[in-house]
Amino acid sequence: MSGWPDHMSALPNTSKLRRAARLMMTRRYRYWLIAATVAALIYYGWGEITRTRGAQKVSIRPAEEACGTSGSLRYCIYRDPRGTNGDVLYHMHGRNLDERIWNDDTYLTALIQSEWQRRPELPPTVVTLSYGSTWLLTPKGQKADSGLLDDLMARLPAIEARIGRPRRRLLLGESMGGLNVLIAGLSYPSRFAEVAALCPGVYSISPFASLATIGAAMQRTGASPKMIFGVWMMARRYAANDAEWQRVSPLALIKRAGPSYPALYLSNGLYDAYGNFEGSQLLAARAHARGVRMQWHPLYGGHCATDVASLAAFLIS
């Protein structure tokens, strides 16, 4: 009677079952890996087939360029080969661009140059300004990165000593730069004659408002949550609270404006993914009510849709 009963010896070996299970699992993972690899190759291949391989370029005679630095401020001076009219146009770029954008023949700035070169009038000298890919002009406050507005205004005289005293100072900016030129022009109205703000980051609510209020604004304007989160983060990098934000909010600054303020050119696309159309339209209405000379261009398009012909005429008039 030694050993296991006959019916017990018929049971499968446990170690064999485990090996079989592992083999099945390995095969299953292998199939999933092959499927994932094939899907990735198809995705990559389709991306390569459908990717853009060129860009619509603007035919221009590039402006003459001379660049320099002043502290953390980088700038480039651009002059049309035909000459300039004595005005100086300070250009402040959008997010992730830089001070060398003016001669880019695939960008908005090339379209402006193209319009100028078709006209008999000479254009202004252009000075592009940059503190990096992302920056906001604010007075010195509690945040370490604040104070760029004070720094910029202190550095302009040195730049003008290099290019000559301007007949008039003009401001142009798009997106982030559009907000920056509004802050500079409305904070120092006696220093500038004209301000052109394209798709500026102007909002009817504060970035320090409640999440419910911000959510309602996104619903109302169709703004992208991703874009709004980026704006929310940038505002908190340069302003510590709502009181500091109101020092630079164009909707707050315009309340003290009058007919002697710089002439304004405002434009925005109805379907701006940053939700800027509502704020820009409100700013235009407040500026008009305060007697500010202005042009408001509501456009059927997305972020930074621009009526280049009217903009170029405004800056050269």
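Just above sits the structure.
A.B. asks: How should the overall build of the protein chain be read in this particular structure?
C.D. replies: On a plain count of helices and strands, the protein chain comes out with 11 helices and eight strands. Computed over its C-alpha atoms, the radius of gyration of the protein chain comes to 29 Å, more than 25% above the 20 Å expected for a compact globule of 317 residues. Put simply, of all contacts in the protein chain between residues at least 6 apart along the chain, 76% involve residues at least 24 apart. On the protein chain, roughly 16500 Å² of surface is accessible, and the fraction owed to carbon and sulfur atoms is 58%. Positive and negative side-chain charges in the protein chain, numbering 37 and 23 respectively, have mean positions lying 8 Å apart.

A.B. asks: Would you mind showing me how to read the state of the cysteines here?
C.D. replies: Disulfide: a covalent bond formed between the sulfur atoms of two cysteine residues. A full pass over the atoms with the stated rule returns two disulfides. Each sulfur in the disulfide pair Cys 67 and Cys 76 lies 2.0 Å from the other. Residues Cys 67 and Cys 76 are joined by a disulfide whose S-S torsion is about 100 degrees; by sign, that bridge is right-handed. Its relative accessible area of 27% is what places Cys 67 among the partly exposed residues. Judged by relative accessible area, which is 0%, Cys 76 ranks as buried. Taken in sequence order, the bonded cysteines of the protein chain link in the pattern 1-2, 3-4.

A.B. asks: Is there a simple way to think about a nonpolar patch on the surface in this case?
C.D. replies: Residues Tyr 31, Ile 34, Val 38 and Ile 42 make up a contiguous nonpolar surface patch of about 420 Å² in total accessible area. You can see Ile 34 is positioned in helix H2 (residues 14-50). Judged by its relative accessible area of 48%, Ile 34 is partly exposed.

A.B. asks: Is there a simple way to think about the layout of surface pockets in this case?
C.D. replies: Any empty space left between the atoms is revealed when a probe the size of a water molecule rolls over them. What the largest pocket holds in volume is close to 340 Å³. Together, 21 residues line the largest pocket, and Arg 95, Gly 230, Val 231, Met 234 and Tyr 274 are the ones closest to its centre. Put simply, the parts of the chain that give the lining of the largest pocket at least two residues each are helix H5 (176-187) and helix H7 (225-238). Per-element accounting of the lining of the largest pocket gives the leading share, six residues, to H7. Class assignment of the residues belonging to the lining of the largest pocket gives a composition of 13 nonpolar, six polar and two charged. Lining the second largest pocket are 16 residues, and of these Tyr 107, Leu 108, Glu 174, Cys 304 and Thr 306 sit closest to its centre.

A.B. asks: Just checking my understanding: could you explain the sheet that holds strand E2 (residues 73-79) for this structure?
C.D. replies: Pairing between the strands of a sheet comes from backbone hydrogen bonds, and it takes one of two forms, parallel or antiparallel. Read across the sheet, eight strands follow the order E1-E2-E4-E3-E5-E6-E7-E8 without closing on themselves; strand pairing throughout is mixed. The sheet is open, and its two edges are formed by strand E1 (64-70) and strand E8 (294-299), each paired on a single side. The mean angle between the axes of side-by-side strands here comes to 15 degrees, regardless of whether they run parallel or antiparallel. One ladder, built from seven bridges, connects E1 with E2; its direction is antiparallel. Residue pairing for E2: Glu 64 is matched across the bridge by Arg 79. Each of strand E3 (88-92), strand E5 (169-174), strand E6 (194-198), strand E7 (263-269) and E8 touches helix H11 (residues 308-316); the most contacted strand, E6, lies at about 160 degrees to it.

Quick notes on the rules
Residues numbered from 1 in each chain as written. Predicted model: local features only at pLDDT ≥ 70, side-chain atom pairs only at ≥ 80, totals over all residues. Heavy atoms only, no water. Helix = DSSP H or I, 4+ residues; strand = E, 2+ residues; numbered from the N terminus. Rg over C-alpha atoms; globule rule 2.2 N^0.38 Å. Contact = heavy atoms within 4.5 Å. Areas by Shrake-Rupley, 256 points an atom, 1.4 Å probe, with all protein chains shown as cover. Lys, Arg positive; Asp, Glu negative; His and termini not counted. Charge placed at Lys NZ, Arg CZ, Asp CG, Glu CD. Disulfide = S-S within 2.5 Å. Buried < 20%, exposed > 50% of the residue type's maximum accessible area, 1.4 Å probe, protein only. Patch = residues over 30% accessible without salt bridge, like charges linked within 9 Å, V, L, I, M, F, W, Y side chains within 5 Å. Salt bridge = Lys/Arg side-chain N within 4 Å of Asp/Glu carboxyl O. 1 Å grid on protein atoms, 1.4 Å probe; cavity = no way out; pocket = protein on both sides within 12 Å on 5 of 7 lines; lining within 4 Å. Points joined across faces, edges and corners; volume = space filled by probe spheres on them. Nonpolar A, V, L, I, M, F, W, Y, C, P; charged D, E, K, R; others polar. Pairing = 2+ DSSP bridges. Axes fitted to C-alpha atoms, helices over the stretch in contact; angles between N-to-C directions.

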